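Coordinates in review
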Amino acid sequence: MTNSERDLSRRRFLRTLGASGSAVALAGILASLDASAQEPSIRRGLPDFAGPSANPYWNSVGPFITEPQKAPLILMADRPVQLETPRHYFLSPFTPNEAFYVRWHLETLPNSVDLKEWRLHVEGNVGNSLTLSLPDLLTRFKPVSVAAVNQCSGNSRSFLQPRVPGGQWGNGAMGNALWTGAKLREILDAAKLKTGSVQVQFEGLDRGKGPEGYGSNRFMKSLDLNDPILEECIVAYSMNGEPLPMLNGFPVRLVVPGNFATYWVKCLSWIRVLDKPDDNFWMKTAYRIPDTPGGTTTPEDVKAGKIKTIPIAKMPVRSFLISPDGTAKIPAGLPMQLRGIAFSGYGRVKKVEVSTDKGASWLDARLGEDLGTYSFRTWELPWTPKRPGKYELAVRATDEKGHTQPDQPVWNPGGYLWNRIERQEITVGSAG
Amino acid sequence: MKELSVNSVKRFATALCALLASTALYAEFDAGFYAPQKAGSLRQTLPHVAGSGASYEVGAYPLYPVNLAPGDGQSEVASYCNTCHSPRYITAQPPLPADVWAAEVNKMVKTYGASIPEDSTLKIIQYLQSHYTPETRKK
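Residues numbered from 1 in each chain as written. Chains lettered and ligands numbered in written order. Predicted model: local features only at pLDDT ≥ 70, side-chain atom pairs only at ≥ 80, totals over all residues.

On to the overall build of chain A, then. Within chain A one finds seven helices and 25 strands. A fraction of 68% describes how many contacts in chain A between residues 6 or more apart in sequence connect residues 24 or more apart. (Helix = DSSP H or I, 4+ residues; strand = E, 2+ residues; numbered from the N terminus. Contact = placed C-beta atoms within 7 Å.)

Now the structure itself:
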């Protein structure tokens, strides 16, 4: 007999004693009590994988693990490292550095950086190439700060149907931080761009084991020089008022507010000004979305070769219910707060609405402090569930450009841009 | 005999009270249940002791091995695929249809330049199809 069997048999022991104790009436009472009370269940771990149907959980199913400078996070992959942030961290508008998700493409990622040797190189189609040390970045350029959400292009990929290969993220491949650093524009100005410049390319310290000339060897991303977002980009040396964790890009990473994280190059060490569009794998082939409304398509249209693609860029509007999370029953009649976050890469979140009746009616949530255009915005709504039963809570956000989350699923072969209205089933019990 | 009977009535009454007390407790809440779990799979990280120089290091990133399904092709997966990524990239996928696995492996060779001989490529595809599709993947 295992310990759990012995523990669980305690109630059965009571019942046996009652029946054999010749007190028939007592036995009856005990039996009725026994029927009304349920055996406590043993909490079991999530399965190793979810599918082929959609992942039914808010986060991905991986186990908790520890990595340097990190709190226990959800393991997606150990080499190269990919870690997901657990749901409860999103109750606050800023995601702690130790809980911030991690996603690397290439397995040879830095374990250490020697700042005596490390330099940020600014080169290419410029009149004045630069080699900047960390003290140069700290003193030669005015420090600026921006609160901005960093979200993996493939965040929520595990909810697509049919499932697509790739990192099977739940919703936790995102985070919001206060990033501080030098303005990219100031650095480019100091390098004196030559005429004919069209793009600027970014590369970090990570390298892969694949052959030269392939995406498996180097990771590089580029932005158009006429993209207005360039004016808001920062070469960040500080994250939430601390140095960046190594796994989040120490010593500096590019911050591209509003854009998906694929552009936020970690351990940024080369800025190259290009006189023709970047045709490296990570721009030409990977991280591309269908040029369709909402970036959605079908497996049939992809197979038929009907789909023109464009590089992924801005993050569509999203919102999340963080608490309650459905892991516990709630008593009817108890006043409580529904709480969560919202953001959009297109502009400020103007409205968050919550439905507690499967989308039949929507109530405006109260928005938390406005921390900036590209930040998480917290929201809350008082709620008192009136009757016991199952409730389906739904939340949708609208940004200042008028985009509202759709209620249709998104599908594309990369598993990008998921921003469907989130739903959470909540069980409300009788309060007695 | 009479005394014994009084004693036995007393004993029965005591037992009854104890039972009623304990059942009354159970009527309000369940308590005292524990279930065994394995501790130690997730250890706290040792604090990092660093010098005051300009080198910033975090040490090695931990590897968390997975059990690949045993079968023909497993060693090819463990050697070739493992060059660029750990096999967890395979086991973390949902069950994928056979043609999707074939496309994935061919993408590794053609798009990412993985240097895998043709017969091993076929073996890897067959292995993944034999163990990691909706029809073949074991819980």
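The nonpolar side chains of a soluble globular protein tend to be buried, and buried together. One finds A:I187, A:I234, A:V235, A:L254 and A:V255 to be the most contacted residues of the largest nonpolar core, which totals 120 residues. Leave out the neighbours within four places in its chain, and A:V235 touches A:L137, A:G181, A:A182, A:L184, A:I187, A:V252, A:L254 and A:L268. (Core = buried A, V, L, I, M, F, W, Y, C linked by C-beta atoms within 7 Å. Buried ≥ 20, exposed ≤ 12 C-beta atoms within 10 Å, placed from the backbone.)

Once that is clear, we can look at the environment of A:S53. Examined against the element boundaries, A:S53 turns out to sit in the loop between α3 (24–36) and β1 (64–65). For the pair formed by A:S53 and A:P331, sequence separation is 278 residues and the distance between their alpha carbons is 31 Å.

Time to look at the sheet that holds strand β7 (residues 130–132) of chain A. Residue and element names in this part refer to chain A. The mixed open sheet is built from five strands, whose spatial order is β7-β6-β14-β10-β11. The two strands at the open ends of the sheet, each matched to only one other strand, are β7 and β11 (218–224). Each adjacent strand pair in this sheet contributes to an overall mean axis angle of 20°, direction not counted. For strand β10 (residues 199–207) and strand β14 (residues 270–274), the ladder comprises five bridges, and the chain directions are antiparallel. Note on β14: the bridge partner recorded for V200 is V273. (Pairing = 2+ DSSP bridges. Axes fitted to C-alpha atoms, helices over the stretch in contact; angles between N-to-C directions.)

Spanning 14 residues, helix α5 (residues 118–131) of chain B covers 20 Å between terminal C-alpha atoms, matching the ideal 20 Å at 1.5 Å per step. Where α5(B) is concerned, the buried positions are B:K123, B:I124, B:Y127, B:L128, B:Q129 and B:H131. (Expected span 1.5 Å × (residues − 1).)

Residues and elements named next belong to chain A. Domain annotation for chain A reports domain 1 (64–286) and domain 2 (318–429). A separation of 29 Å is found between the C-alpha centroids of domain 1 and domain 2. Contacts between domain 1 and domain 2 engage 24 residues on the former and 22 residues on the latter. Per-element tally for the side of domain 1 that touches domain 2: the top contributor is strand β8 (residues 143–151), with four residues. (Domains from an automatic or database assignment.)

This brings us to the pairing of strand β12 (residues 234–239) of chain A. Residue and element names in this part refer to chain A. Taking burial as the measure, the six residues of β12 include five buried ones, the bulk of the element. Pairing of β12 with strand β13 (residues 253–255) involves three bridges; the strand directions are antiparallel. Of the residues in β13, the one forming a bridge with I234 is V255.

Residues and elements named next belong to chain A. Buried within helix α5 (residues 184–191) we find L184, I187, L188 and A191. All buried residues of α5 fall inside an arc of 100° around its axis, so they share one side. Buried residues belonging to α5 abut β6 (120–124), β7, β9 (174–183), β10, β12 and β14. Phi for K192, located one or two positions after α5, is positive at around 55°. (Arc of directions from axis to C-beta.)

Residue and element names in this part refer to chain A. Pairing is mixed across the open sheet formed by five strands, whose spatial order is β18-β25-β24-β20-β21. Looking at strand neighbours, the two that pair on one side only are β18 (330–331) and β21 (363–364), the edges of this open sheet. Across six bridges, strand β20 (residues 349–355) lies against strand β24 (residues 389–399) in antiparallel orientation. Pairing of K351 across the sheet is with T398, part of β24.

Time to look at the pairing of β6(A). Residues and elements named next belong to chain A. Here three bridges tie β6 to β7, and the two strands are oriented antiparallel to one another. What sits directly across from H121, in β7, is T131. Of the strand pairs in this sheet, β6 and β14 are connected by four bridges, and their pairing is parallel. Along β14, the bridge assignment pairs V122 with I271.

Here we take up the packing of helix α4 (residues 98–110) of chain B against α5(B). Residues and elements named next belong to chain B. In contact at an axis separation of 9 Å, α4 and α5 are set at 145° when each is read in the N-to-C sense. Here α4 and α5 pass one another in a crossing that is right-handed. Contacts between α4 and α5 involve A98, W101, A102, V105 and V109 from the first element and T121, I124, I125, L128 and Q129 from the second. For the contact of α4 with α5, a count of residues per class yields eight nonpolar, two polar and no charged. (Left-handed = near helix turned anticlockwise from the far one by under 90°. Nonpolar A, V, L, I, M, F, W, Y, C, P; charged D, E, K, R; others polar.)

So, on to the confidence of the model for chain A. Per-residue pLDDT for chain A has a mean of 92; in total, 91% of the residues score no lower than 70. Below pLDDT 50 for its whole length, residues 1–23 of chain A participates in 25 contacts with residues either more than four positions away or in separate chains. (pLDDT = per-residue confidence, 0-100.)

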